[in-house]
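Secondary and tertiary structure notes
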Amino acid sequence: MNTPKLWVFVVLLVSLVAVACGGTPSQPAASSPEIPAQTESAAPAQPQAPARGKIVISNWDAYMPSDLLEKFTAETGIQVELALHATNEEIVGKLVASKGKGFDVVFMTGQFADAVAKMGLLSEIDYAKLPGSANLFEEVKRIPFTKYAVPYTWGTTGLCYRSDLVNYEPDSWYDLLKPKPELAGKITMLSTDRWLLLPAQKALGFSANTTDAGEMQQVKDLLIEAKKTLLAYDDTTFYSKLVSGEALLVEAWDGWCNYGIAENADIRFVIPKEGSDLWVDTMVIPAPSENKEAAYAFIDYVLRPEIGAWVAENILYKVPNRMVMGSLSTDLLTTFPNLSIPPQELLKQEALQDVGEAQSLYSEIVAEVLASGQ
Amino acid sequence: MRSQTWLRFHSSLVYIFLYAPILMLIVLSFNRSGLPTAWGGFSLYWYAELLQNRALLNAALNSLLVASGSTLVSAAFGTLLAMGLERIARNLVLDAFVFLPMIIPDIVLAIALLSFFTFIEMPLSLLTITISHIVFNIAFVAAIVRTRLSYFDNTLEEASLDLGAPPLKTFFKITLPLILPGVIAGSLLAFTISLDEFVIAFFTAGPAQPTLPILIYSMVRFGVTPDVNALATIVLSLSALLILIAQRFGGTEGFF
């Protein structure tokens, strides 16, 4: 009885030693290429082509064409390592903890880029190095945070509903917050803080970036009241709930409403008459990046119309690039009408920006709303 | 007799509560339509898809590497730590420090570890994830091994030493076999925690080598595919197998 047990433990111990030994030498081996790389970039007059080397980017999974990195490397010789993040909060947390080190290009939503830029972790974008940015709509470049963040996609938030089961045309945030009796319990709202607050902020006529404590108190009260008629706070499956009929009216990002429309043509999207937000997903270059030339080359590559067209056709998001939006097929635009919301219309909505100190008030109110009535 | 019927009823309810969601996942992995809402017929389609999904398989492999590496190291160090604490340094403060990594919120530990790796300029990779997992896994192994040690009969060791066995031989012949169930239970726990740990892995991961939880979370926004169900079913079967083997190996005395 004892012998086999001992045997297994010896095997365990030996493999352990192997792992320990394997681990230690690989540590300097992994870090040693790092050291010459640093001295290289410290010496400016290296006879190396500027747009060579390796960059590290971070993005959501499947948010760009799967062959993009391969093609980019084939064309430019720049190696790309892709890291993945699931939420803006995560990648911001990681950037802050590592002081921006480790990444050359990061995809994140505008208001988060705004916040990270205020911490001094982003490098200012030199649009002269991005010939492709000439195709960006002038309107989008007027948003202040584009100084640090290159727009990738943009859109707004509105009401997404089953026109075959809702017998009127919702057009107000109050249709969501104070629904007609037949819609009670068949409504979902987004659960990420800024979008959870948005319907009430806009319904009450406030800014989506308000920092006024009194206004936020009213927002909180309205949201707590609205919770009584809510099916769920849902960020990821609300369009499936629409398709299955479990929900009839949901707060949705325009692009995500399209995912519902793809499965049921009776689903419609509308921007409420009180106005809504303008969100922009962007690409940023962290300040400590050691290969900014390559980072610019990458961003410029992503700005190409064919990449934007892929995004519009596959992610069903709008792209702030006139070459792209002009090239989309009429079929696509008829199926997904919100893809053709013009930039002027989008720009009437309010761009979400970092609210600075008030973020803790926002988080507090979101927590109170989520916890209420339980 | 009557109370036994009730107990049986109660325990089957508990089992249903625990396993119904998992069963659902297994069933869905064989669903051709891929939608959670509609049954499209039995099919192995998503398993075939999974074999094509290199990214997902690589992530699974990365997770297994991290979990086995961190388990092996923390099993050894955790056991030694438990013995040291039990025999040499019976000290409340030291005790508390050992359990700290179990209690600190993941996010705090994650940020601390990332700041540390950034400070010593260690490039992030699977190695940094493994090291980070060892940090809290040692605590779990030590905690479980200590429970085993706390009713350890010291006279057995003394007898062995009296009869002339050198200390090392005594350790391998007497001490280790007696605490082995604790070591194995601790290792199993460490392995499973490491396998599905997300926050710390995300913060200490380098690019290009995501672990399985990192990849799956990042898919949530645009690309969750039903082959994830297939992969989860396979991982689940492997873990079940592992536990069965471990229980057999522990003999009749049981581990827990």
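**Describing the overall build of chain B**
- Each helix and strand counted, chain B has 11 helices and zero strands in total.
- Reading the helices (α) and strands (β) of chain B from amino to carboxyl end gives α-α-α-α-α-α-α-α-α-α-α.
- Each principal axis of the C-alpha distribution contributes one length, and for chain B these read about 70 × 65 × 30 Å.
- Long-range pairs, those at least 24 residues apart, make up 80% of the contacts in chain B between residues at least 6 apart in sequence.

**Focus: the nonpolar core**
- Residues V105, A113, L249 and F298 of chain A are the most contacted members of the largest nonpolar core, which totals 165 residues.
- Each residue touching V105 of chain A, except ones within four places of it in the same chain, is listed here: I55, I57, M283, I285, A295, F298 and I299 of chain A.

**Considering the domain arrangement of chain A**
All names here are of chain A.
- With domains assigned, chain A is organised as domain 1 (50-154 + 279-345) and domain 2 (156-278 + 352-371).
- Using only C-alpha atoms to locate each centre, domain 1 and domain 2 end up separated by 27 Å.
- With 15 residues of domain 1 at the contact, the number on the domain 2 side is 14 residues.
- The dominant element in the side of domain 1 that touches domain 2, judged by the number of residues it contributes, is helix 5 (residues 110-118), at five residues.
- Tallied by class, the residues present in the side of domain 1 that touches domain 2 amount to nine nonpolar, four polar and two charged.

**Observations concerning the pairing of strand 9 (residues 277-284) of chain A**
Residue and element names in this part refer to chain A.
- With eight of eight residues buried, strand 9 lies mostly within the body of the structure.
- Where burial is concerned, the two faces of strand 9 agree: the one with D277, W279, D281 and M283 and the one with L278, V280, T282 and V284 are both buried.
- Pairing of strand 3 (residues 105-109) with strand 9 involves four bridges; the strand directions are antiparallel. Within strand 9, the residue paired with T109 across the bridge is D281.
- Strand direction decides the pairing type here: strand 4 (residues 149-162) and strand 9, joined by seven bridges, are antiparallel. Bridge pairing links T156 to L278 in strand 9.

**Brief notes about the packing of helix 4 (residues 92-103) of chain B against helix 6 (residues 126-150) of chain B**
Residue and element names in this part refer to chain B.
- For the pair helix 4 and helix 6, interaxial distance at closest approach is 8 Å and the crossing angle is 120°. By the criterion of interaxial angle, the relationship of helix 4 to helix 6 is oblique. Pair helix 4 / helix 6 crosses with left-handed handedness. On helix 6, the residues that touch V98, F99, P101 and M102 of helix 4 are V135, F136, A139, F140, A142 and A143.

**Structural notes on the confidence of the model for chain B**
Residues and elements named next belong to chain B.
- In the predicted model, chain B carries a mean pLDDT of 86, and the fraction of residues at 70 or more is 92%.
- The element-level mean pLDDT for chain B is lowest in helix 11 (residues 227-249), coming to 80, with helix 9 (residues 199-204) highest at 93.
- Every residue in residues 251-256 scores below 50 in pLDDT, and together they form six contacts with partners more than four places removed in sequence or on other chains.
- Model confidence for the complex: the whole-complex pTM is 0.79, and ipTM, which rates the interface, is 0.73.

**Considering helix 11 (residues 254-263) of chain A**
Residue and element names in this part refer to chain A.
- The buried count for helix 11 comes to eight of 10 residues, which makes it a mostly enclosed element.
- Taken together, the buried positions of helix 11 are occupied by D254, G255, W256, C257, N258, Y259, G260 and I261.
- Tucked into the core, helix 11 has its buried residues touching strand 4, helix 10 (238-244), strand 7 (249-253), strand 8 (267-270), helix 13 (305-315) and helix 15 (330-335).

**A short note on unusual backbone geometry**
- One non-glycine residue, L316 of chain A, adopts positive backbone phi at about 65°.
- With respect to the secondary-structure elements, L316 of chain A resides in the loop between helix 13 and helix 14 (322-325).
- Not every positive phi belongs to a glycine, and E121 of chain B is a case in point at roughly 55°.
- Along the chain, E121 of chain B falls in the loop between helix 5 (106-119) and helix 6.
- Residue E121 of chain B is classed as exposed on the basis of its 11 C-beta neighbours within 10 Å.

**A closer look at the packing of helix 8 (residues 193-203) of chain A against helix 17 (residues 359-371) of chain A**
Residues and elements named next belong to chain A.
- Contact geometry of helix 8 with helix 17 gives a least axis separation of 10 Å together with a crossing angle of 80°. The angle between the axes of helix 8 and helix 17 places the two elements in the roughly perpendicular class. Residues D193, L196 and L197 of helix 8 form the contact with helix 17, whose participating residues are Y362, S363, I365, V366 and V369.
- Looking at the contact of helix 8 with helix 17, its residues break down into six nonpolar, one polar and one charged.

Criteria and cut-off values
- Residues numbered from 1 in each chain as written.
- Chains lettered and ligands numbered in written order.
- Predicted model: local features only at pLDDT ≥ 70, side-chain atom pairs only at ≥ 80, totals over all residues.
- Helix = DSSP H or I, 4+ residues; strand = E, 2+ residues; numbered from the N terminus.
- Contact = placed C-beta atoms within 7 Å.
- Core = buried A, V, L, I, M, F, W, Y, C linked by C-beta atoms within 7 Å.
- Buried ≥ 20, exposed ≤ 12 C-beta atoms within 10 Å, placed from the backbone.
- Domains from an automatic or database assignment.
- Nonpolar A, V, L, I, M, F, W, Y, C, P; charged D, E, K, R; others polar.
- Pairing = 2+ DSSP bridges.
- Axes fitted to C-alpha atoms, helices over the stretch in contact; angles between N-to-C directions.
- Parallel < 35°, antiparallel > 145°, perpendicular 65-115°, else oblique.
- Left-handed = near helix turned anticlockwise from the far one by under 90°.
- pLDDT = per-residue confidence, 0-100.

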